[in-house]
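Single-letter residue listing:
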Amino acid sequence: MNYLGSKKRLSGFIYKVISNSVEQKLADCSFCDLFAGTGIVGNYFHDKVKSIIYNVREYYSFVINSAFFSNVSEEKYRGMLAELNQLDGREGFIFNQYSECGTAGRLYFSSENGQKIDAIRMHIERRFQSFEIDQNFYMLLLATLLKAVDKVANTASVHCAYLKTVKTTATKNLHLLAVKRTELSS
């Protein structure tokens, strides 16, 4: 994900320093990712330690790190993504508050993408509230939406500020793609 402060390039270094500092084998240890963000460091340690604890403050981070461990079948996941991608846009919160033609007049998303985000988010929520999907599937779908939204956002790494003119990637249509659980944090 487009994330300011990612520790992706530091993950190998962090692993090396910790493995050289701990007297026991890391495979027998738990690892705590204190500033989890998108989970890039914790996920690097995923197959190298006994367990991982993610410390997160932001809900998006909780969603992404929860989805990393999802056990939803690939067939079910891809089927739901096809269904979500076929939805017609709806004017809702994201459209009104964050798209160019919304009531707030902000330029985080194109009008079409703002409507598509709203339609997908409402559909996921309705399916979860009616018990058609469980918590694991819910988190995986939200994380997939977050990853797709990041690709079409009219921002420059910091999502609290939108660009004054629309960049090329923000003009592309939002489309959910199946992601490997290991790709959620990258």
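Bear in mind that the values here come from a model prediction, so they are computed numbers and not experimental data.

### Points about the packing of helix H4 (residues 74–85) against helix H7 (residues 135–152)
Phase 1: The N-to-C vectors of H4 and H7 enclose an angle of 50 degrees; their axes lie 11 Å apart at closest approach. Regarding the angle of H4 to H7, the classification is oblique. Crossing geometry of H4 relative to H7 is assigned as right-handed. Each of Lys 76, Tyr 77, Met 80, Leu 81 and Leu 84 in H4 lies in contact with H7, whose residues at this interface are Phe 137, Leu 140, Leu 141 and Thr 144.
Phase 2: Of the residues assigned to the contact of H4 with H7, the class counts are 7 nonpolar, 1 polar and 1 charged.

### Some thoughts on the confidence of the model for the chain
Phase 1: The share of residues in the chain with pLDDT of 70 or more is 92%, and the mean pLDDT across the chain is 89.
Phase 2: Taking the mean pLDDT of every element in the chain, the minimum, 67, falls on strand S4 (residues 158–162) and the maximum, 97, on helix H6 (residues 111–129).

### Re the nonpolar core
Phase 1: In terms of nonpolar packing, the biggest core is built from 30 residues, with Tyr 77, Ile 124, Ile 133, Leu 141 and Leu 174 touching the most fellow members.
Phase 2: The set of elements that each furnish at least two residues to this core consists of helix H3 (59–67), H4, H6 and H7.
Phase 3: By residue number, the principal contributor to this core is H7, which donates 11 residues.
Phase 4: Those residues in contact with Ile 124 that sit more than four places away from it in its chain are Leu 84, Ile 133, Tyr 138, Leu 141 and Leu 142.
Phase 5: Of all hydrophobic cores here, the second largest spans 11 residues; its members include Cys 29, Ala 36, Val 41 and Ile 52.

What counts and how
Residues numbered from 1 in each chain as written. Predicted model: local features only at pLDDT ≥ 70, side-chain atom pairs only at ≥ 80, totals over all residues. Heavy atoms only, no water. Axes fitted to C-alpha atoms, helices over the stretch in contact; angles between N-to-C directions. Helix = DSSP H or I, 4+ residues; strand = E, 2+ residues; numbered from the N terminus. Parallel < 35°, antiparallel > 145°, perpendicular 65-115°, else oblique. Left-handed = near helix turned anticlockwise from the far one by under 90°. Contact = heavy atoms within 4.5 Å. Nonpolar A, V, L, I, M, F, W, Y, C, P; charged D, E, K, R; others polar. pLDDT = per-residue confidence, 0-100. Core = buried A, V, L, I, M, F, W, Y, C linked by side-chain atoms within 4.5 Å. Buried < 20%, exposed > 50% of the residue type's maximum accessible area, 1.4 Å probe, protein only.

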